[in-house]
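Breakdown of the fold
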Amino acid sequence: LRKDHLSCYGYCRTTTPNIDKLAQKGIIFKNAFSNSAWTVPGHMSLLTGLLPSNHGLIYYPDPGRLQENIITLGGILQKQGYLTRGFYGAGYVSPRFGFGKGFHQYTSRGNNFEDNIQLCLNWLEKAKNFRFMLFMHGFNCHNPFKPSPEFDVYFKEYKGSYSVEKLYHEYELPENQDDMKHIIAKYDATILGADFILGKLFNKLEELKIFDKTIIMIASDHGHGFGEHESYGHVTQLYDEIINIPFIIYGHGIISGGKEVDDFVSLIDVVPTILNIL
């Protein structure tokens, strides 16, 4: 998820109405960075507070597995009596890399948020009276960008025949500007769909009367290139469109919200920030 494609970060399309509402009441970090350009090392830095050079999961496509002696945020909170639950979008966030460590349960029913949201909402019903840590992950905004039809609302006037899958499966580059706009429209539609699911999550927290008792953090593990530096993806480049990510924190009565922060932060700051707040 690229930072500059969220409406709360000034994007021209209203791609994130639910995240926008949260950002208005929380803290929006304008200079947040991932510690990697691809999924495994970025997410492992998020959950351990360690640089990739310290947690050791670096190399694409086979980064290895997290060492047993490395402690995760979930493991720390478990020892303090928290329920820890993870819903993830398969692939490179799966337990085979060590991502299940520190979670009482860590499961997936599919790649995207909508595949796991109902299980997540059901779990919240049971967890509402306990201290908990919930990790909710989805690959909605990952190539090759297949938005649900109800969210595929951008650049409907496109008359071409370019398939976004050509770019990522055959590496057939777009031939003209309209093809590129078509690709970006599909990408933006996946963001709108992901935001809709997050809205369901926020509404459930409200319904259970725990929204204002919950610290909510929204972050991405990396962005995506659309030809800015001759890159149409991620993994190999470290330009802003790849590693300058959205990062938003909300905590009613806990965090002084309604402000933007220019300081440079990264995913390794998430674990110490959460522990400091708690």
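Keep in mind that this is a model prediction, so the values were computed, not measured. (Residues numbered from 1 in each chain as written. Predicted model: local features only at pLDDT ≥ 70, side-chain atom pairs only at ≥ 80, totals over all residues. Heavy atoms only, no water.)

With that settled, the discussion passes to the sheet that holds strand E1 (residues 27-33). With mixed pairing, 4 strands are arranged side by side in an open sheet as E5-E6-E1-E7. Each having just a single partner strand, strand E5 (216-219) and strand E7 (259-266) make up the two edges of the open sheet. The average angle at which neighbouring strand axes cross in this sheet is 20 degrees, direction not considered. Bridge count between E5 and strand E6 (residues 244-250): 4 bridges; the pairing is antiparallel. Bridge pairing in E6 places alanine 219 opposite phenylalanine 247. The strands that helix H9 (residues 270-277) touches are E5, E6 and E7; relative to E5, the one it contacts most, it runs at about 170 degrees. (Pairing = 2+ DSSP bridges. Helix = DSSP H or I, 4+ residues; strand = E, 2+ residues; numbered from the N terminus. Axes fitted to C-alpha atoms, helices over the stretch in contact; angles between N-to-C directions. Contact = heavy atoms within 4.5 Å.)

Our next topic: helix H1 (residues 17-25). At 3.6 residues per turn, the α-helix brings residues three or four places apart onto the same side. All of the buried residues in H1 are Ile19, Asp20, Leu22 and Ala23. Buried residues of H1, seen end-on, are gathered within an arc of 165 degrees and therefore sit on one face of the element. Among the exposed residues of H1, those pointing more than 90 degrees away from its buried face are Lys21 and Gln24. Tucked inside the fold, the buried residues of H1 contact E1, helix H7 (177-207), E5 and E6. (Buried < 20%, exposed > 50% of the residue type's maximum accessible area, 1.4 Å probe, protein only. Arc of directions from axis to C-beta.)

Moving on to the pairing of strand E2 (residues 83-87). When you tally the buried positions in E2, you get 4 out of 5 residues, the bulk of the element. Where E2 and strand E4 (residues 132-136) come together, 5 bridges link them in parallel fashion. Paired with leucine 83 across the bridge in E4 is phenylalanine 132. Direction of pairing for E2 relative to strand E3 (residues 105-107): parallel, over a ladder of 3 bridges. The residue of E3 that forms the bridge with glycine 86 is tyrosine 106.

Quick look at unusual backbone geometry now. Tyrosine 60 connects to proline 61 through a cis peptide bond whose omega is 5 degrees. Along the polypeptide, proline 61 turns up in the loop between helix H3 (52-55) and helix H4 (73-79). For the bond from asparagine 143 to proline 144, the omega torsion is 15 degrees, close enough to zero to count as cis. Tracing the backbone through its elements, the reader meets proline 144 in the loop between E4 and helix H6 (164-170).

Spanning 31 residues, H7 covers 45 Å between terminal C-alpha atoms, matching the ideal 45 Å at 1.5 Å per step. Among the 31 residues in H7, 22 count as buried, and that is most of the element. Two or three places before aspartate 178, at the opening of H7, asparagine 176 has a side-chain oxygen 3.1 Å from that residue's backbone nitrogen. The first or second residue beyond H7 is lysine 209, which carries a positive phi of 60 degrees. (Expected span 1.5 Å × (residues − 1). Polar contact = N/O pair within 3.5 Å; in protein donor to acceptor, adjacent residues only side chain to side chain.)

What follows covers the nonpolar core. Of all hydrophobic cores here, the largest spans 50 residues; its most connected members are Cys8, Leu22, Leu124, Ile183, Ile216 and Ile248. Of all the elements in the fold, those that place two or more residues in this core are H1, helix H5 (113-127), E4, H6, H7, E5 and E6. With sequence-adjacent residues up to four places away left out, isoleucine 216 is seen in contact with Leu22, Phe202, Leu205, Phe211, Ile248, Ile249 and Tyr250. With 33 residues, the next largest nonpolar core counts Phe29, Ala32, Tyr88 and Ile274 among its residues. (Core = buried A, V, L, I, M, F, W, Y, C linked by side-chain atoms within 4.5 Å.)

Turning next to the pattern of salt bridges. Inspection of the entire model under this criterion finds 9 salt bridges. Arginine 2 serves as the salt-bridge partner of glutamate 228, at 2.7 Å between the closest nitrogen and oxygen. Residue glutamate 228 is found in the loop between E5 and helix H8 (240-243), and its partner arginine 2 is found in the segment before H1; the two are separated by 226 residues along the sequence. What makes glutamate 228 partly exposed here is its relative accessible area of 39%. The residue glutamate 125 makes a salt bridge to lysine 204 at a minimum N-O spacing of 2.5 Å. Here the residue glutamate 125 occupies a position in helix H5, and lysine 204 occupies one in helix H7, the gap between them amounting to 79 residues. Taking relative accessible area as the criterion, glutamate 125 reaches 33% and is therefore assigned partly exposed. Within this structure, Arg2, Asp4 and Glu228 form a network of salt bridges that share partners. (Salt bridge = Lys/Arg side-chain N within 4 Å of Asp/Glu carboxyl O.)

By themselves, these are just geometric observations and shouldn't be taken as functional.
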